[in-house]
Amino acid sequence: MKLLNKLLIIFFAFLLNSNFAMSAEKWDMALAYGAGNFHSANATEFAKNVTEKSGGKLTIVAHPGGSLYKGGEIFRAVRTGQAQIGERFMSALGKEDPLLEVDSQPFLATSYDDAMKLYQASKQEIVKGLDAKGLIFLYAVPWPAQGLYSKKEINSIADLKGLKFRAYNSATIRIAELTGMAPTKIEAAEISQAFSTGAVESMITSPTTGKNSKIWENGVGYFYDIAAWFPKNMVIVNKDAWNKLDSGTQKLIMSEAAVAEKKGWELSKKGNVADKKALADAGMKVGKVNSALEKHFQKVGATMADEWKAKAGSRGASVLAAYK
Ligand code: PCA
């Protein structure tokens, strides 16, 4: 009798335990950018909304500021399941799939409307490519328009020659090469340090990233609004983690992802105005490049467009055809 009781207790404990294991999942969400950045804030809100609405079935814990994995590690971490979910700057992944860097081709999409069209034209192929690597695509949100930061005033191509340039992907490395600048790839989290130590003296990025890194405190006085592309971050999930969820929870995630995407695009548009103003308010000179420099970047963009087409092949061609 005693033994039977014990066995029963063990049996029910086992049942209870396996039931919990099946119904409650916890995901760690790797975010590269600081908690105050709008991408991270938006992703954190997405995580909170899914957690609250899943009825205890899924908890998503956001880890901003590269605290779980640094930007450069996140794609691999999610792919291998070390993190179940994460956000990564798409155009840094050109080696994984050239389509992921279509949004960093200069002058292909120079407004939010065109950036959205380019996103829609490229999304299906990108999602397919990620799926083949064991990843589920959730949503993508652009950074504000990219501009040129410099410690010194830039009035000509000669002023750019030899500048130590902070790059964030292959496209910005190529721009530097075609301009005669000396590029180094540096994560956003390390920008302040790179400028303050003199490792770099110029970069192309959004007013948001300049503001987030308080770039004016590191001797950077100039921002030139080139606005030639709107590169995106995407949020991806490991497929094995995804497959552990019931279909109701999967549906909830997709609908919250759509909400986060819409909100993210709105936040980006706001930042495109407000963060430029913040740079000016901090005492930086904010303006446009002159027409000679504009022409130079157009030419660089045309060269890069040809190079990208050669890399991206027929998939790239069909994306461009759908976009135009
Ligand atoms: N900020 C990120 C990517 C693009 C942007 O605006 C960075 O500078 O790394």
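All of the points below concern the structure found in this document. Quick caveat, the model's predicted, so the values are computed rather than measured. Counting restarts for each chain, with residues numbered from 1 along the sequence as it is written. Owing to the predicted nature of the model, reporting of local features is limited to residues with pLDDT of at least 70; listing and counting of side-chain atom pairs is limited to 80 or more, with chain, interface and lining totals taken over all residues. As a rule here, side-chain values cover all heavy atoms of the structure and leave hydrogens and water aside.

## Concerning the side chain of H296
Then step 1. Counting from the N terminus, the helices are DSSP H or I runs at least four residues long and the strands are E runs at least two residues long. Its location among the elements puts H296 in helix 11 (residues 291–323).
Then step 2. When checking whether two residues touch, look at their non-hydrogen atoms; a contact exists if any pair is within 4.5 Å. Those residues in contact with H296 that sit more than four places away from it in its chain are I157, L178 and T179.

## As for the sheet that holds strand 4 (residues 135–142)
As a general point, the strands of a sheet are linked pairwise by backbone hydrogen bonds and lie either parallel or antiparallel.
Then step 1. Should DSSP find at least two bridges between two strands, the strands are taken to pair. Overall, mixed pairing links the 5 strands, which are arranged 2-1-3-10-4 in an open sheet. In this open sheet, the two edge strands, each paired with only one partner strand, are strand 2 (58–63) and strand 4. The average angle at which neighbouring strand axes cross in this sheet is 20 degrees, direction not considered.
Then step 2. Pairing of strand 3 (residues 85–89) with strand 10 (residues 232–238) involves 5 bridges; the strand directions are antiparallel. Of the residues in strand 10, the one forming a bridge with G86 is I236. Axis definition: a line fitted to C-alpha atoms, limited for helices to the stretch in contact. Angles are taken between N-to-C directions and run from 0 to 180 degrees.

## A look at the site of the ligand
Then step 1. Surveying the vicinity of the ligand reveals the residues F89, W143, Q146, R166, Y168, A188, T205, S206 and T209.
Then step 2. Any pair of nitrogen or oxygen atoms within 3.5 Å is treated as a polar contact; in protein, a donor-acceptor pairing is required on top of that, and neighbouring residues in sequence qualify only through side-chain atoms on both sides. The contact in question runs from an oxygen atom of the ligand to an N or O atom on the side chain of Q146, over 3.1 Å.
Then step 3. Each accessible area is a Shrake-Rupley estimate made with a 1.4 Å probe; only the visible protein chains count as cover when residues are assessed. Coverage of the ligand by the protein amounts to 98% of the 260 Å² it exposes when considered alone.
Then step 4. Here the term charged refers only to Asp, Glu, Lys and Arg, the term nonpolar to Ala, Val, Leu, Ile, Met, Phe, Trp, Tyr, Cys and Pro, and the term polar to all other amino acids, Gly among them. Tallied by class, the residues present in the shell around the ligand amount to 4 nonpolar, 4 polar and 1 charged. Any residue with a heavy atom lying within 4 Å of a molecule or strand is counted as near it.

## Examining the pairing of strand 10
Then step 1. Exposure categories follow from relative accessible area, calculated using a 1.4 Å probe and restricted to protein chains: below 20% of the type maximum is buried, above 50% is exposed, and the middle band is partly exposed. The buried fraction of strand 10 amounts to 7 of the 7 residues, a majority that puts the element mostly inside the structure.
Then step 2. Burial of strand 10 is two-sided: the residues K232, M234, I236 and N238 facing one way and the residues N233, V235 and V237 facing the other way are all buried.
Then step 3. In the sheet, strand 4 pairs with strand 10 via 7 bridges, with the strands oriented antiparallel. Each residue of the ladder has a partner; that of P142, found in strand 10, is K232.

## Comments concerning the pattern of salt bridges
Side chains that carry opposite charge are capable of pairing whenever their charged atoms lie near each other.
Then step 1. For this document, the term salt bridge refers to a Lys or Arg side-chain nitrogen within 4 Å of an Asp or Glu carboxyl oxygen. What the rule picks out here adds up to 20 salt bridges.
Then step 2. Of the charged contacts in the structure, one is a salt bridge between K26 and D28, with a shortest N-O distance of 3.3 Å.
Then step 3. Taking relative accessible area as the criterion, D28 reaches 18% and is therefore assigned buried.
Then step 4. A salt bridge links K288 to D225; the shortest N-O distance between them is 3.5 Å. Of this pair, K288 sits in the loop between strand 11 (285–287) and helix 11 while D225 is found in the loop between strand 9 (222–224) and strand 10, placing the two residues 63 residues apart along the sequence.
Then step 5. K288 gets classed as exposed once you look at its relative accessible area, which sits at 58%.

## Quick look at the sheet that holds strand 9
Then step 1. Within the open sheet, the 6 strands sit side by side as 7-6-8-5-9-11. Their pairing is mixed. Both edges of this open sheet fall to strand 7 (182–185) and strand 11, since each of them pairs with a single strand only. Adjacent strand axes in the sheet meet at a mean angle of 20 degrees, parallel and antiparallel pairs treated alike.
Then step 2. Bridging between strand 9 and strand 11 involves 3 bridges; their strand directions are parallel. Looking at strand 11, one finds that F223 is bridged to V286.

## Considerations on unusual backbone geometry
Then step 1. With a phi angle near 65 degrees, F107 is a residue other than glycine that sits in the positive phi range.
Then step 2. Locating F107 in the fold gives a position in the loop between strand 3 and helix 4 (112–132).
Then step 3. Here the phi dihedral of K214 falls at roughly 40 degrees; this positive angle occurs in a residue that is not glycine.

## Some points on the packing of helix 4 against helix 11
Then step 1. With their axes 9 Å apart at the nearest point, helix 4 and helix 11 run at an angle of 140 degrees to one another. The angle between helix 4 and helix 11 falls in the class oblique. Relative to helix 11, the crossing made by helix 4 is right-handed. For the pair helix 4 and helix 11, the contacting residues are D114, K117, L118, A121, S122 and E125 in the first and R315, V319, A322 and Y323 in the second.
Then step 2. Its residues assigned to classes, the contact of helix 4 with helix 11 shows 5 nonpolar, 1 polar and 4 charged. Each angle is binned into one of four classes, with values under 35 degrees roughly parallel, values over 145 roughly antiparallel, values of 65 to 115 roughly perpendicular, and all other values oblique. Each helix crossing is assigned a hand: it is left-handed if the near helix lies turned anticlockwise from the far helix by less than a right angle, otherwise right-handed if that turn is clockwise.

## A few points about the nonpolar core
Then step 1. Throughout, nonpolar core names a set of buried Ala, Val, Leu, Ile, Met, Phe, Trp, Tyr and Cys residues whose side chains join them through atoms within 4.5 Å. In terms of nonpolar packing, the biggest core is built from 99 residues, with W27, F46, L138 and M234 touching the most fellow members.
Then step 2. The biggest single contributor to this core is helix 11, with 9 residues.
Then step 3. The residues contacting L138, other than those within four sequence positions of it, are F46, I85, V235, V237, W242, I253, M254 and A257.

## Points about the pairing of strand 2
Then step 1. Examined bridge by bridge, strand 1 (residues 25–30) and strand 2 share 6 bridges and lie parallel to one another. Pairing of K26 across the sheet is with T59, part of strand 2.

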